[in-house]
Amino acid sequence: MAKRVNDMGQPVGWPVTLELPRPAPERVRLAGRFCSVVPLDAEAHGAALWQAFSQDALGANWTYLPIGPYAFEADFLAFLSAAEASADPLYFTVLNGEGRAVGHATFLRIDPANGVIEVGFIHFSPLMQRTPMSTEAMYLMMHYVFETLGYRRYEWKCDALNAPSVAAAKRLGFTFEGVFRQAVVYKGRNRDTAWLSVIDGAWPALKARFERWLDPGNFDTEGRQKASL
């Protein structure tokens, strides 16, 4: 991109014509073909989420989350009740095609003034890992941010040691931006944080790629993809 300079010859950023602030995300229902993303309802979703997360017998999916694992269902349900009341992070539940809760994700570090938002606290149970649901849930949330809310930047952050999370973000079209060293302390240990993002200029091509992948014609009779994302 060509540089822009001010009257003193100093390089400066290009003007932002987008109307700011952008709207804050709301507790909306986002419906897809394989799954739906709905506002977290601790009472309605709690038991199913507990059962779904319990499929991870070793608790490996909790390692890089700042919360959990929970030894008792009551403690997990107490966490969900607090999560439901939170506005940032704003929690959503992923429902499978039968309406069963199989995972959750959030919008967080919500910054309407700058049109920036992060997706995080992603906890997908074994019931949705490596299925079209996991991809579609992320597409539905990203689509809402760019198409409905009109944000400029969509962020993904994770422990830099969490290689599967970094790989998942890159597969979904996020660009790796670097590592913030010693950024966070959680569970009594250091976290160097990997930063990745999608910006609005990249969204149209990425949207087309998602929709080609999610098209029914891209799956065989066993539900297996024909072409990768």
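Attention here is on the structure that accompanies the text. (Residues numbered from 1 in each chain as written. Predicted model: local features only at pLDDT ≥ 70, side-chain atom pairs only at ≥ 80, totals over all residues. Heavy atoms only, no water.)

**Overview of the pattern of salt bridges**
What counts here: When a carboxyl oxygen of Asp or Glu is within 4 Å of a side-chain nitrogen of Lys or Arg, the pair counts as a salt bridge. Helix and strand definitions here come from DSSP, where helices need a minimum of 4 consecutive H or I residues and strands a minimum of 2 consecutive E residues; each element is numbered from the N-terminal end. Burial classification: accessible surface area is computed with a 1.4 Å probe over protein chains only, and a residue below 20% of its type maximum counts as buried, one above 50% as exposed, and the rest as partly exposed.
For the structure on display, the rule yields seven salt bridges. Among the salt bridges present, the one from R109 reaches E118, with a minimum N-O distance of 3.5 Å. For the salt bridge of E118 with K157, the shortest nitrogen-to-oxygen distance reads 2.8 Å. Of the two residues, E118 sits in strand β7 (residues 116-124) while K157 sits in strand β8 (residues 153-159), which places them 39 residues apart along the sequence. Comparing E118 with K157 shows no difference in burial state: the two are buried. Here the residues in one salt-bridge network are R109, E118, R153, E155, K157 and E177, joined through shared partners.

**Examining helix α1 (residues 42-53)**
Here is the rule: Working rule for helices: expected span equals 1.5 Å times residues minus one. We call two residues contacting when some pair of their heavy atoms lies within 4.5 Å. Throughout this description, a polar contact denotes any pair of N or O atoms lying within 3.5 Å of each other; where both atoms belong to protein, one of them has to be capable of donating a hydrogen while the other can accept it, and for residues adjacent in sequence the pair is counted only when both atoms sit in side chains.
Here α1 spans only 14 Å end to end across 12 residues, well under the 16 Å set by a 1.5 Å rise per residue. The set of residues buried in α1 consists of A42, H45, G46, A48, L49, W50, A52 and F53. At its buried positions, α1 is contacted by β4 (35-39), α2 (73-85), β5 (90-96), β6 (101-111) and β7. Where α1 begins, one side-chain oxygen reaches toward the backbone nitrogen of E43, 3.1 Å away; that side chain belongs to D41.

**Considerations on the pairing of β6**
Note the cut-off: Note on pairing: DSSP must find at least two bridges between two strands before they are called paired.
Burial runs high along β6: nine of the 11 residues are buried. Sheet analysis places β5 next to β6, joined by six bridges and oriented antiparallel. When the bridges of β6 are listed, L90 appears paired with F107. Hairpin connection between β5 and β6: a loop of four residues separates the two successive antiparallel strands, and G99 in this loop has a positive phi of roughly 85°. Connecting β6 to the antiparallel partner β7 that follows it, the hairpin turn spans four residues, and G115 within it adopts a positive phi of roughly 65°.

**A short note on the pairing of β4**
Counting buried positions along β4 gives four out of five residues, so the element sits mostly inside the fold. Of the pairings in the sheet, the one linking strand β3 (residues 30-31) to β4 comprises two bridges and is antiparallel in character. Following the sheet pairing, L30 is matched in β4 by V37. Two successive antiparallel strands, β3 and β4, enclose a turn made up of three residues. Direction of pairing for β4 relative to β5: antiparallel, over a ladder of five bridges. Residue S36 lies in a different strand from β5, and its bridge partner there is L95.

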